[in-house]
Amino acid sequence: MKTKVTQFREKTGLGVWLVTKNAVNMNKKPNTGVDIGGIQLKNPVLTASGTFGYAREFDRLMDLNRLGAIIVKGLSLEPSKGNPPPRTAETPCGMLNSIGLENVGLKAFEKEKLPFLRTLETPVFTNIYGKNTAEYAELAARINEIEGIAGIEVNISCPNVKKGGVAFGAFPESAAEVVTAVRARTVKPLMVKLSPNVTDITEIARSVEAAGADSISLINTITGMAIDIETRRPKLGNVTGGLSGPAIKPIALRMVWQVVQNVKIPVVGIGGIMTAEDALEFLMAGAVAIQVGTANFINPNATIEIIEGIETFLVEKGIFDVAGIINTLEV
Ligand SMILES: Cc1cc2nc3c(=O)[nH]c(=O)nc-3n(C[C@H](O)[C@H](O)[C@H](O)COP(=O)(O)O)c2cc1C
């Protein structure tokens, strides 16, 4: 039996609508479902790659089926040991990491990690990276054949070894080259994750959209460093690393807002999201969904609290559908 609200929605074709408190009470829970590039999610809260392991690590702590989607640790074709320690350093309002994309490799992921992920109702994205375009393409082709993976997030913040180690995501041409190569080898929905370490983020966003991305996620970490003044040595074994956490939120929010103005595909906001209020800022700036990263290390239940906080906000404001707050920023 369809609710009156659903009947009204189907009759009018209205996707975004604000209703009175009475209407909200009629259906109690607001609709938090969103669509990101062809994948229907029950809510707009995803876990950010590299901060949620392969999800099983969090199974004891929360109900993984409540998440909008899970994005697992970045995968390469072969296993990778990552960078030398120390690999993390705390900073005011954030952290630096130089993990260096350590991971088990695609084969072990499929054999050891995927069987558990397949038991979940929550859609799972793999996050992929390669040392060159051919590696990205090969990963995409192999993942295309694997059941139980809803979509692929393409991390283009990695050094292109053939171009002197400059990140693929630093220039529109190299960013598009990776996306074109990946697009040609998979029919799975592609979310392309942008690097913030660029001059004009909108240029990169437009280039990956034109190359076939179904959605865009941003931002990855911002390159930084820290020094131990006693030893006069860098705090990270790799010297530089990626800054994440609340310190980067205003930059991430600005970039998300700029990208939303420049592309038609859905945008997923990432960067320093710790609370539902942070998430709501990104949604109002035009993000269709958000990812939670560093917050998972501080509060393993952060994602669930953010989901509940968004729902509470919608009910309090008398908004029946999360679509009623997305891209509603007035400037
Ligand atoms: C320890 C750590 C590991 C990460 N590993 C990956 C990774 O494997 N692939 C990737 O695309 N991003 C990775 N990231 C970046 C996050 O997914 C996210 O984009 C970034 O941390 C900003 O979000 P936050 O401020 O909420 O953490 C990593 C971040 C951290 C802190």
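Residues numbered from 1 in each chain as written. Predicted model: local features only at pLDDT ≥ 70, side-chain atom pairs only at ≥ 80, totals over all residues. Heavy atoms only, no water.

I keep staring at the overall build of the protein chain and nothing clicks. Help me out?
If you tally the helices and strands in the protein chain, you get 10 helices and 18 strands. The C-alpha radius of gyration computed for the protein chain amounts to 20 Å, which stays within 12% of the reference 20 Å derived for 331 residues, consistent with globular compactness. Principal-axis analysis of the C-alpha atoms gives the protein chain an extent of 60 × 45 × 40 Å. When the 331 residues of the protein chain are sorted by exposure, 54% land in the buried category. (Helix = DSSP H or I, 4+ residues; strand = E, 2+ residues; numbered from the N terminus. Rg over C-alpha atoms; globule rule 2.2 N^0.38 Å. Buried < 20%, exposed > 50% of the residue type's maximum accessible area, 1.4 Å probe, protein only.)

What should I look at first to understand the confidence of the model for the protein chain in this one?
Detailed reading of predicted coordinates is not advised where the pLDDT is low. Confidence in the prediction for the protein chain averages 92 pLDDT; 92% of positions are at 70 or higher. Of the regions scoring below 50 in pLDDT, residues 1–24 engages in 33 contacts with residues more than four places distant in sequence or in other chains. (pLDDT = per-residue confidence, 0-100. Contact = heavy atoms within 4.5 Å.)

Teacher, can you tell me more about helix 7 (residues 249–260) here?
A turn of α-helix holds 3.6 residues, and therefore any two residues three or four places apart point the same way. Between its first and last C-alpha, helix 7 extends 16 Å over 12 residues, near the 16 Å set by a 1.5 Å rise per residue. Along helix 7, the residues classified as buried are K249, A252, L253, M255, V256, V259 and V260. Seen along its axis, helix 7 keeps its buried residues to an arc of 165 degrees; they face one direction. Contacts from the buried residues of helix 7 go to helix 6 (201–210), strand 12 (215–218), strand 17 (267–270) and helix 8 (276–284). (Expected span 1.5 Å × (residues − 1). Arc of directions from axis to C-beta.)

Looking at this structure, I do not really get the layout of surface pockets. What am I missing?
If a probe the size of a water molecule is rolled over the atoms, the empty space left behind becomes visible. Here the second largest pocket defines a volume of roughly 190 Å³. G50, G53, Y54, K73 and E102 are, among the 13 residues lining the second largest pocket, the residues nearest its centre. Broken down by class, the residue content of the lining of the second largest pocket amounts to six nonpolar, four polar and three charged. (1 Å grid on protein atoms, 1.4 Å probe; cavity = no way out; pocket = protein on both sides within 12 Å on 5 of 7 lines; lining within 4 Å. Points joined across faces, edges and corners; volume = space filled by probe spheres on them. Nonpolar A, V, L, I, M, F, W, Y, C, P; charged D, E, K, R; others polar.)

Honestly, the sheet that holds strand 13 (residues 222–225) in this entry has me stumped. Any pointers?
Strand pairing in a sheet is mediated by backbone hydrogen bonds. Such pairs are either parallel or antiparallel. Strand order in the open sheet formed by four strands is 5-6-16-13, and the pairing between neighbours is antiparallel. One side of each edge strand has no neighbouring strand; the edge strands of this open sheet are strand 5 (88–91) and strand 13. Ignoring strand direction, the axes of neighbouring strands in this sheet form an average angle of 40 degrees. Relative to strand 16 (residues 240–244), strand 13 runs antiparallel, the two being bridged by four bridges. (Pairing = 2+ DSSP bridges. Axes fitted to C-alpha atoms, helices over the stretch in contact; angles between N-to-C directions.)

For this particular structure, what's the right way to read the nonpolar core?
Note on soluble globular proteins: their nonpolar side chains tend to be buried together. Membership of the largest hydrophobic core comes to 94 residues, with the highest contact counts inside it found for L64, V154, I156, L194, L218 and I310. Beyond its immediate chain neighbours, meaning those up to four positions away, L64 contacts F52, A55, F58, D59, I70, F116, L120 and T122. (Core = buried A, V, L, I, M, F, W, Y, C linked by side-chain atoms within 4.5 Å.)

What is the right way to read the sheet that holds strand 8 (residues 151–155) from this model?
On the basis of which strands lie adjacent, the closed barrel formed by eight strands has the order 3-4-7-8-11-12-17-18 and parallel pairing. With direction set aside, neighbouring strand axes in the sheet form an average angle of 25 degrees. Docked against the sheet, helix 10 (residues 302–317) engages strand 3 (45–47) and strand 18 (289–292), running at close to 170 degrees with respect to strand 3.

In this structure, what is going on with the packing of helix 4 (residues 133–144) against helix 5 (residues 172–183)? I would like to understand it.
Packed helices, taken two at a time, are described by the angle their axes make and the gap between the axes. Helix 5 packs onto helix 4 with a crossing angle of 30 degrees between their chain directions and a minimal axis gap of 8 Å. On the basis of the axis angle, helix 4 is roughly parallel to helix 5. Helix-helix and strand crossings are classified by hand; for helix 4 and helix 5 the assignment is right-handed. From helix 4, T133, Y136, A137 and A140 reach across to helix 5, where they touch E177, V178, A181 and V182. Split into classes, the residues belonging to the contact of helix 4 with helix 5 amount to six nonpolar, one polar and one charged. (Parallel < 35°, antiparallel > 145°, perpendicular 65-115°, else oblique. Left-handed = near helix turned anticlockwise from the far one by under 90°.)

It is not clear to me how the side chain of K193 should be interpreted in this structure. Could you clarify?
Of note, K193 is situated in strand 11 (residues 190–193). For the buried K193, no salt bridge is present, and the opposite-charge side chain at shortest range is E153, 4.3 Å distant. Not counting residues up to four positions away in its chain, the partners in contact with K193 are S49, N127, E153, V154, N155, I156, S157, S217, I219, N220, I270 and Q291. (Lys, Arg positive; Asp, Glu negative; His and termini not counted. Salt bridge = Lys/Arg side-chain N within 4 Å of Asp/Glu carboxyl O.)

In this structure, what is going on with the site of the ligand? I would like to understand it.
The local shell around the ligand holds 24 residues, among which S49, K193, G245, G272 and T294 are the closest. At a separation of 3.0 Å, an oxygen atom of the ligand approaches a polar side-chain atom of N127. Taking I219, its main chain carries an N or O atom lying 3.1 Å from an oxygen atom of the ligand. Protein burial of the ligand: of its 610 Å² of free accessible surface, 97% is covered by the chains. Of the residues that constitute the shell around the ligand, the class distribution is seven nonpolar, 15 polar and two charged. (Near = heavy atom within 4 Å. Polar contact = N/O pair within 3.5 Å; in protein donor to acceptor, adjacent residues only side chain to side chain. Areas by Shrake-Rupley, 256 points an atom, 1.4 Å probe, with all protein chains shown as cover.)

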